[in-house]
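The lines below spell out each chain.
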Amino acid sequence: MNVLIIGSGGREHALAWAIKKSHALEKLYCAPGNAGIENLATCLPVAVDDIPGIVDAAKKHQIGLVVIGPEGPLVAGLADALRDEDIPVFGPNKNAAQIEGSKGFMKDLCASAGVPTAKYKRFTSAEEARAYVKQKGAPIVVKADGLAAGKGVTVAMTLDEAMKAIDQAMVEDVFGEAGKSVVIEEYMEGEEASFFALVDGDGAMAFAHAQDHKRAFDGDQGPNTGGMGAYSPAPIISRDMQERVMRDIIFPTARALAAAEMPFNGVLFAGLMITKTGPRLIEFNARFGDPETQAILPRLQSDLLDALYKTATGELRRVKLEWKNEAALCVVMAAKGYPGAYEKGSVIKGLQDAAAVPNAVVFHAGTRGGGPGEEIQAWGGRVLGVTGWGKTVKEAQHHAYWAVDQIEWEQGFCRRDIGWRALA
Ligand code: AMP
Ligand code: GLY
């Protein structure tokens, strides 16, 4: 079949790389893609938020499966528009994507389904939010309700910080509409992990798990980012823990969504806090993680396209997943300044040498160029995801940094300690 991937990040490059290996694949397309995806797929100049444009492209190229990478188009209803045209799609409809698109929706659903998560209250009045925070005390967590590009969450260690976060979201409108309503919740302590499950309605199957590194700098210092590196599997998720997460978090959520006539189809990404009393949910995402996907897919032995297609068509029960007995680790290379302002257009060299490193692959995220006689340029915040693999996290880390060290890019930076927790 022909496949169309939606998105332009490292996650989508990793999806393209894995789908490309499938025997069932005829032609691979990506909209809009990046300079790395260009080598694997035909990139179409259609933006991720151009719903009619994507539907037209899917018809024109006789697409048998659309795989939606980012949350924006899911929340905007891209999957609905494709399903209306009977085009198979991996990714939830707009109503089910609210699980990521509205933190309030997510918390209410968890409460009704009995999913373990932080205690919370929703507010649309800044005054009431302030009074609640005063009553509860710090530490406490303030979250903009809607999508805020990963910036809407403040883990406030003092009352003052919490009050500032309420003002920013509800008075200064820093997040626009997304912050008009906030969720204030209990602070949870523990170790974080990213857990992925395939879901087709009320059926669900564990896919994989990983650990991300959200802070910009070594030692988990600096501002929060979309993710500066990841490794998989997550040592903290034992077999037992995986079963508990499926039983207590994934299945009840899938069932509750199906019962509310918003069946979820795609990958349910649970951001977990593994606490002393067991796994508790921090947040749900309605899509694969970035950069977790770049550390997960190199471990997959089975045919990814087959698994995604069967999920999309309601035949998840026929999927069997096999994984290599290896660890993989992805180091993100970002433009200096990220997650704040950064420059575009700097030239990246050494990509050929990096590609020649054994047990490693370079995924592109924010890149451009690379045509005949053209150089590869940085064109985003997170620019490359360099993944290595091996028998252990240490070996995977060795291969990843070996490849990173071949890349000549003065305007870029990366963390040098990805994987520290697994190695400690
Ligand atoms: P999110 O954007 O929802 O992924 O939140 C960003 C980060 O904030 C998470 O990765 C956690 O480190 C932290 N966080 C969110 N909610 C809580 C909570 N209730 N307790 C402690 N940390 C939290
Ligand atoms: N790396 C976290 C995310 O994709 O949201």
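Computed from a prediction, not measured in an experiment: that's the story for all the values here. For every chain, the first residue of the written sequence is number 1, and numbering continues from 1 onward in sequence order. Here chains are named by letter from A upward and ligands by number from 1 upward, in the order in which they appear as written. Local features in this predicted model are restricted to residues of pLDDT 70 or higher, and side-chain atom pairs are both shown and tallied only at a pLDDT of 80 or more, whereas totals for entire chains, interfaces and linings draw on every residue. Excluded from the side-chain calculations are hydrogens and water; all other atoms, namely the structure's heavy atoms, are used.

A. Geometry of the nonpolar core. The set of buried Ala, Val, Leu, Ile, Met, Phe, Trp, Tyr and Cys residues whose side-chain atoms join them within 4.5 Å is what this entry labels a nonpolar core. Here the term buried applies to any residue with accessible area under 20% of the maximum for its type, exposed to any over 50%, and partly exposed to those in between, with areas from a 1.4 Å probe on protein chains only. Counting residues in hydrophobic clusters, the biggest one holds 54 residues, and the most contacted among them are L4, V66, F195 and I250. A total of eight residues in this core trace back to one element, the largest contributor, which is helix α9 (residues 239–259). Residues contacting V66, with those up to four places away along its chain left out, are L4, I6, A58, L82, I87, P88, V89 and F90. Among the nonpolar cores identified, the runner-up in size contains 42 residues, and W17, A18, I19 and A307 belong to it. Every helix listed is a DSSP run of H or I at least four residues long, and every strand listed is a run of E at least two residues long, numbered separately from the N terminus. Any two residues having at least one pair of non-hydrogen atoms within 4.5 Å are treated as being in contact.

B. Quick peek at a nonpolar patch on the surface. Together, V153, V155 and M157 make up an exposed nonpolar region whose accessible area comes to about 240 Å². Of note, M157 is situated in the loop between β8 (153–156) and α8 (159–171). Here M157 falls in the partly exposed class, since its relative accessible area comes to 47%. Think of a patch as exposed residues, more than 30% relative accessible area, with no salt bridge, where like charges cluster within 9 Å and nonpolar side chains (Val, Leu, Ile, Met, Phe, Trp, Tyr) cluster within 5 Å. For the area figures, the Shrake-Rupley method with a 1.4 Å probe applies, and any residue is considered shielded solely by the protein chains shown. By definition here, a salt bridge exists when the distance from a side-chain nitrogen of Lys or Arg to a carboxyl oxygen of Asp or Glu is within 4 Å.

C. Representation of the site of ligand 2 within the structure. Around ligand 2, the structure places D212, G226, F269, N285, R287, G289, D290, P291 and E292. Polar contacts here mean pairs of N or O atoms no more than 3.5 Å apart (in protein, one a potential hydrogen donor and the other a potential acceptor; neighbouring residues in sequence count only if both atoms are side-chain atoms). Contacts to ligand 2 include G226, whose backbone N or O atom sits 3.2 Å from a nitrogen atom. Within the side chain of E292, an N or O atom sits 2.8 Å from a nitrogen atom of ligand 2. Here ligand 2 has 200 Å² of accessible area as a free molecule, and 90% of this is covered by the chains. Amino acids are sorted into nonpolar (Ala, Val, Leu, Ile, Met, Phe, Trp, Tyr, Cys and Pro), charged (Asp, Glu, Lys and Arg) and polar (every other residue, Gly among them). Classifying every residue of the shell around ligand 2 gives two nonpolar, three polar and four charged. Being near a molecule or strand, for a residue, means having at least one of its heavy atoms within 4 Å of it.

D. Expanded view of the environment of V55. Relative to the helices and strands, V55 resides in helix α2 (residues 51–60). Along the chain, V55 and K180 lie 125 residues apart, while their C-alpha atoms are 32 Å from each other. Residues within four places of V55 in sequence aside, it is in contact with A81, L82, E85 and I87.

E. Main features of the site of ligand 1. E185, E186, M188, E192 and E283 are the nearest of the 15 residues found near ligand 1. At a separation of 2.7 Å, a nitrogen atom of ligand 1 approaches a polar side-chain atom of E185. Contact between ligand 1 and E283: an oxygen atom at 2.8 Å from a side-chain N or O atom of the residue. Relative to its free-state accessible area of 480 Å², ligand 1 is covered by the protein chains to the extent of 90%. Listing elements by their share of the shell around ligand 1, those giving two or more residues are β7 (140–144), β8, β9 (182–186) and β16 (278–285). Tallied by class, the residues present in the shell around ligand 1 amount to eight nonpolar, no polar and seven charged.

F. Spotlight on the sheet that holds strand β18 (residues 347–348). What the three strands build is an open sheet, ordered β18-β21-β20; its pairing is antiparallel. Taken across any chain shown, the strands that pair with only one partner, and hence form the sheet edges, are β18 and β20 (367–369). In this scheme, strands are said to pair when DSSP sees at least two bridges between them.

G. Focus on the pairing of strand β17 (residues 327–335). Among the nine residues in β17, nine count as buried, and that is most of the element. Bridge analysis of strand β14 (residues 229–232) against β17 gives four bridges, and the strand direction is antiparallel. Counted as the bridge partner of S232 is A328 from β17. Here β17 pairs with strand β22 (residues 382–390) via eight bridges, running antiparallel. Paired with A327 across the bridge in β22 is G390. Two strands pair when backbone bridges link them, and β17 and strand β23 (residues 412–413) are joined in this way by two bridges, in the antiparallel orientation. From the neighbouring strand, A334 faces β23, where its bridge partner is F413.

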